[in-house]
Amino acid sequence: MPYITVTNLARTLRELQERDIMTIGAAGEAETDLYSIDQRGSLAWVLGAEGDGLRRLTRENCDQLARIPMLGSVESLNVSVASGICLFEARRQRAVVK
């Protein structure tokens, strides 16, 4: 999985979308969970800062927002844990033969 650092995230998200790469922002308040999204195509996960989440402009430039379903009283996850869950689900979906 490539890891890319950019200086202007909103512009980069638009450039990815122009190349038919779906951008999914991880957001705890999203109505859709990450298991409900087809992640078998080209996509880029966008994760925000721990505690603060995605900035407004970043979330507005994502194709879709998705949440990680949480059980119990856990409100948020460390960004490295959240990225692992998101990437694992993308990999799991790609491994399923239909």
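Fair warning: this is a prediction, and the values are worked out from it, not measured in the lab.

Thresholds applied
- Residues numbered from 1 in each chain as written.
- Predicted model: local features only at pLDDT ≥ 70, side-chain atom pairs only at ≥ 80, totals over all residues.
- Heavy atoms only, no water.
- Helix = DSSP H or I, 4+ residues; strand = E, 2+ residues; numbered from the N terminus.
- Rg over C-alpha atoms; globule rule 2.2 N^0.38 Å.
- Buried < 20%, exposed > 50% of the residue type's maximum accessible area, 1.4 Å probe, protein only.
- Contact = heavy atoms within 4.5 Å.
- Polar contact = N/O pair within 3.5 Å; in protein donor to acceptor, adjacent residues only side chain to side chain.
- Salt bridge = Lys/Arg side-chain N within 4 Å of Asp/Glu carboxyl O.
- Core = buried A, V, L, I, M, F, W, Y, C linked by side-chain atoms within 4.5 Å.
- Pairing = 2+ DSSP bridges.
- Axes fitted to C-alpha atoms, helices over the stretch in contact; angles between N-to-C directions.

Visitor: Teacher, can you tell me more about the overall build of the chain here?
Guide: Looking only at helices and strands, the chain has three helices and three strands in total. Reading the chain from its N terminus to its C terminus gives the helix and strand order α-β-β-α-β-α. In terms of overall dimensions, the chain is globule-like: its C-alpha atoms have a radius of gyration of 13 Å, near the 13 Å expected for 98 residues. Buried residues in the chain amount to 30% of all 98 residues.

Visitor: How should the environment of glutamate 89 be read in this particular structure?
Guide: Counting through the fold element by element, glutamate 89 comes out in helix H3 (residues 79–95). Setting aside residues no more than four positions away along its own chain, glutamate 89 makes contact with Leu34, Tyr35 and Gln39. One polar contact links glutamate 89 to arginine 92, side chain to side chain, over a distance of 2.7 Å.

Visitor: In this structure, what is going on with the pattern of salt bridges? I would like to understand it.
Guide: Side chains that differ in charge, positive against negative, can pair when their charged atoms come close. Following the criterion strictly, the structure yields four salt bridges and no others. Notably, a salt bridge pairs arginine 59 with glutamate 29, separated by 2.3 Å at the nearest N-O pair. Taken together, the residues span a long stretch of sequence, with arginine 59 in helix H2 (residues 56–60) and glutamate 29 in the loop between strand S1 (22–26) and strand S2 (43–46) at a distance of 30 residues. Its relative accessible area of 53% is what places glutamate 29 among the exposed residues. Put simply, arginine 92 and glutamate 89 hold a salt bridge, and the shortest N to O gap is 2.7 Å. Taken together, the residues arginine 92 and glutamate 89, both in helix H3 and three residues apart, mark about one turn of the helix. Using a relative accessible area of 38% as the deciding quantity, one classes arginine 92 as partly exposed.

Visitor: Would you mind showing me how to read the environment of leucine 34 here?
Guide: On the secondary structure map, leucine 34 appears in the loop between S1 and S2. Other than its neighbours up to four places away in sequence, leucine 34 contacts Gln39, Trp45, Ala66, Arg67, Ile68, Pro69, Ile85, Cys86, Glu89 and Gln93.

Visitor: Whenever I open this one, the nonpolar core confuses me. Can you help?
Guide: Counting residues in hydrophobic clusters, the biggest one holds 11 residues: Ile24, Ala26, Leu34, Ile37, Leu43, Trp45, Ala66, Ile68, Ala82, Cys86 and Ala90. Of all the elements in the fold, those that place two or more residues in this core are S1, S2 and H3. Once residues lying within four places of it in the same chain are set aside, the contact partners of alanine 90 are Gln39 and Trp45.

Visitor: I keep staring at the sheet that holds S1 and nothing clicks. Help me out?
Guide: By way of backbone hydrogen bonds, the strands of a sheet pair with one another, either parallel or antiparallel. Strand order in the open sheet formed by three strands is S2-S1-S3, and the pairing between neighbours is parallel. On the outer flanks of this sheet lie S2 and strand S3 (64–66), each paired with one strand and no other. Taken pair by pair, the neighbouring strands of this sheet meet at an average axis angle of 30 degrees, ignoring direction. Sheet topology note: the S1/S3 ladder contains three bridges and is parallel.

All quantities given are derived from atomic positions and should not be read as evidence of function.
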